[in-house]
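The primary structure of each chain is shown beneath.
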Amino acid sequence: MGKITGFMEFHRVKQPYRPVPERVRDWKQVMRPFPEDELKKQGARCMDCGIPFCHQGCPLGNIIPDWNDLVYRGLWREAIDRLHVTNNFPDFTGTLCPAPCEGACVLGINDDPVTIKAIELAIVDHAWGQDWIKPEPPKVLTGKKVAVVGSGPAGLAGAQQLRRAGHEVIVFERDDRVGGLLRYGIPEFKMEKKVLDRRLRQMETEGVVFRANAHVGVNLPIEELRKNFDAILLAGGACAPRDLPVPGRELQGVHFAMEYLTQQNRRCEGETVPAGREITAKGKHVIIIGGGDTGADCLGTAHRQGAASVHQLEIMPRPPEHRASDNPWPQWPFIYRVSSAHEEGGERLYSVSTKRFIGDDGGRVKSLELVEIEMIREHGRSILNEIPGREPIKLPCDLALLAMGFTGPERQGMLEQLGVKFTDRGNVWRNENWMTSVPGVFTAGDMQHGQSLIVWAIAEARSAAKSIDQYLTGASDLPAPL
Ligand SMILES: Cc1cc2nc3c(=O)[nH]c(=O)nc-3n(C[C@H](O)[C@H](O)[C@H](O)COP(=O)(O)OP(=O)(O)OC[C@H]3O[C@@H](n4cnc5c(N)ncnc54)[C@H](O)[C@@H]3O)c2cc1C
Ligand code: SF4
């Protein structure tokens, strides 16, 4: 390591963000670049621990201590080369990853962990700034054809790996634009779409072909792909939303989070939403049901749209400030977190459950009734129960957004027609080589994992790409992190 005592000299500094009053007035990315001299000090905090658990913490197996040291020494070119060995899109993960690596950092045992994610982002931003990131088209073509279904991070990473291995790759996407949840789920203020678009341009120059408006199993029969391609990678995500079947669910103004987030992302792309279909928080009392990241994305969106008030409800208890004794290092720490959207306002209510939505005479939601919940242990299991004898709480509500997670991949259409096997949890089953129960048809990302993280989607797709390459050619030099 360049600075052996760095971890004793320098404290952890967080990624800088734009001030709240400024950022809630626009849709631009909330993060600001890290000053280079400060970032070097942060890299110097990496302490040559001997067994870097951060490698295991990162599903991609990013070689984190190497690039921490390279950044400390100002060797940015070497740093981006090292980063790209394990990660196709460090710009996506450096911006959006919750950084399980930091939860596993050895320094985190008794101090704040190294600010790994910020260093990753700075390396890739620096590389784009220097025009170092170039297309890497294959030198030799194999003559084999692969269809990738879905253009989220899994589809993109799988397509790039397979193209670089010399295959002809076509990505089919049912939406009108490519990018999956990076395009229509994740808000512009978390990651601007230009970050995605420059990677798509890189991939197109490498020879990956994108077909938007191609809904496999609906306007494009899966049989056509099976006939015309040597292998198929299913990377269709897991976007079937979990519903809340309580009285009043049918009222106007109660929507799934993804309907709301997609609409705002379309506006940010310059589209106009037809008047009758508009979902906006402007001037409204907004209630977000679900305390996770999707809910936080709705929160940030609602503030930017000018909501009158925003509550975010969570059925589980408020997490502890520090790791609980049954959640030791190097596990992912289940602790209370404040995202950029939470810094911007709104109130979070924990241990509450929605009983019903109440409407006005016109059939529009006007309030929501909730009850308090307690967690009890029964036969060794934790159970959530309504606290008896408490009065229901009523909150004003003109817009309710359901952000309670996803139940798995959508089965109708492509998956039913293919006849793939499913796991007990409702995801697409695969073997250890990432092949589904249908020979020659592989899967990666949320479709086989359930709704997860970008870093997992990229890692799984890289591993699936290796298996596909092996299946097509008998051997593969592609890396497989999992
Ligand atoms: C609102 C929201 C915010 C999130 N924020 C974060 C975050 O900050 N950090 C993070 O790490 N993770 C985040 N996640 C999770 C992350 O986005 C997903 O885990 C990741 O996108 C999964 O990648 P994927 O490629 O498997 O699927 P997706 O990104 O879901 O992409 C699947 C694509 O397949 C397409 N498709 C599906 N079926 C077909 C078909 N039959 N034919 C053609 N196309 C099809 C879909 O239209 C979609 O474009 C978030 C998720 C949501 C919902
Ligand atoms: S991809 Fe995520 S887990 Fe891996 S090094 Fe980057 S921030 Fe950490």
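Our subject in this report is the structure included herewith. Nothing here was measured: the structure is a model prediction, and the numbers come from that model.

**A word on helix 3 (residues 36-44)**
- Taken residue by residue, helix 3 has Leu39, Gln42, Gly43 and Ala44 as its buried positions.
- Where the residues of helix 3 are buried, they touch helix 1 (6-9), helix 5 (64-72), helix 6 (76-86) and helix 9 (116-129).

**Describing the site of ligand 2**
- Close contacts around ligand 2 come from Cys58, Asn62, Ile64, Thr93, Cys97, Ala99, Pro100, Cys101, Ile116, Lys117, Glu120 and Val455, and that covers them all.
- Where the shell around ligand 2 is concerned, the elements lending two or more residues are helix 8 (100-104) and helix 9.
- If one sorts the elements of the shell around ligand 2 by residue count, helix 9 sits on top with three residues.
- Taken together, the residues of the shell around ligand 2 sort by class into eight nonpolar, two polar and two charged.

**Re the nonpolar core**
- Judged by nonpolar contacts, the single largest core of 71 residues is most densely connected at Trp67, Phe92, Ile123, Leu156, Leu182, Phe210 and Ile468.
- Considering every element that reaches this core, the biggest residue donor is helix 19 (residues 454-473), with ten residues.
- Not counting chain neighbours up to four residues away, the residues in contact with Phe210 comprise Leu156, Val171, Val178, Leu200, Met203 and Glu204.
- Of all hydrophobic cores here, the second largest spans 20 residues; its members include Ile170, Ile222, Leu234 and Met447.

**Some remarks on the packing of helix 6 against helix 9**
- Between helix 6 and helix 9, the shortest axis-to-axis distance is 9 Å and the interhelical angle comes to 110°. The orientation of helix 6 with respect to helix 9, classified from their angle, is roughly perpendicular. Taken as a pair, helix 6 and helix 9 cross one another with a handedness that is left-handed. Contact with helix 6, carried on its side by Trp76, Ala79, Ile80 and Leu83, involves Glu120, Ala122, Ile123, Val124, His126 and Ala127 of helix 9 and no other residues of that element.
- Here the contact of helix 6 with helix 9 is built from residues that sort into eight nonpolar, one polar and one charged.

**Focus on a nonpolar patch on the surface**
- Together, Ile315, Met316, Met375 and Leu384 make up a nonpolar patch on the protein surface, roughly 300 Å² of accessible area in all.
- A residue is classified by how much of its surface remains accessible, and Leu384, at 32% relative accessible area, is partly exposed.

**Describing the environment of Phe256**
- As for its placement among the helices and strands, Phe256 is situated in strand 6 (residues 254-256).
- With relative accessibility at 17%, the residue Phe256 sits in the buried group.
- The spacing of Phe256 and Ile288 is 32 residues in sequence and 9.7 Å in space, taken between C-alpha atoms.

**Things to note about the packing of helix 5 against helix 9**
- One way to put it is that helix 5 packs onto helix 9 with a least axis distance of 10 Å and a crossing angle of 65°. Taken as a pair, helix 5 and helix 9 cross one another with a handedness that is left-handed. Within the contact between the two elements, helix 5 uses Ile64, Trp67, Asn68 and Val71 and helix 9 uses Ile116, Ile119, Glu120 and Ile123.

**Concerning the pattern of salt bridges**
- Enumeration over the complete set of coordinates arrives at 31 salt bridges.
- Residue Asp91 is joined to Arg198 by a salt bridge in which the shortest nitrogen-to-oxygen separation is 3.7 Å. Taken together, the residues Asp91 in helix 7 (residues 90-96) and Arg198 in helix 12 (residues 193-206) connect sequence positions 107 residues apart.
- By relative accessible area, which is 0% here, Asp91 ends up buried.
- Of the charged contacts in the structure, one is a salt bridge between Glu192 and Lys194, with a shortest N-O distance of 3.2 Å.
- Residue class for Glu192 comes out buried when judged on its relative accessible area of 12%.
- Of the residues examined, Lys194 reaches a relative accessible area of 58% and is grouped as exposed.
- Each member of the salt-bridge network shares a partner with another, and the members are Asp176, Arg177, Arg183, Asp197, Arg266, Glu269 and Glu271.

How each quantity is defined
- Residues numbered from 1 in each chain as written.
- Chains lettered and ligands numbered in written order.
- Predicted model: local features only at pLDDT ≥ 70, side-chain atom pairs only at ≥ 80, totals over all residues.
- Heavy atoms only, no water.
- Buried < 20%, exposed > 50% of the residue type's maximum accessible area, 1.4 Å probe, protein only.
- Helix = DSSP H or I, 4+ residues; strand = E, 2+ residues; numbered from the N terminus.
- Contact = heavy atoms within 4.5 Å.
- Near = heavy atom within 4 Å.
- Nonpolar A, V, L, I, M, F, W, Y, C, P; charged D, E, K, R; others polar.
- Core = buried A, V, L, I, M, F, W, Y, C linked by side-chain atoms within 4.5 Å.
- Axes fitted to C-alpha atoms, helices over the stretch in contact; angles between N-to-C directions.
- Parallel < 35°, antiparallel > 145°, perpendicular 65-115°, else oblique.
- Left-handed = near helix turned anticlockwise from the far one by under 90°.
- Patch = residues over 30% accessible without salt bridge, like charges linked within 9 Å, V, L, I, M, F, W, Y side chains within 5 Å.
- Areas by Shrake-Rupley, 256 points an atom, 1.4 Å probe, with all protein chains shown as cover.
- Salt bridge = Lys/Arg side-chain N within 4 Å of Asp/Glu carboxyl O.

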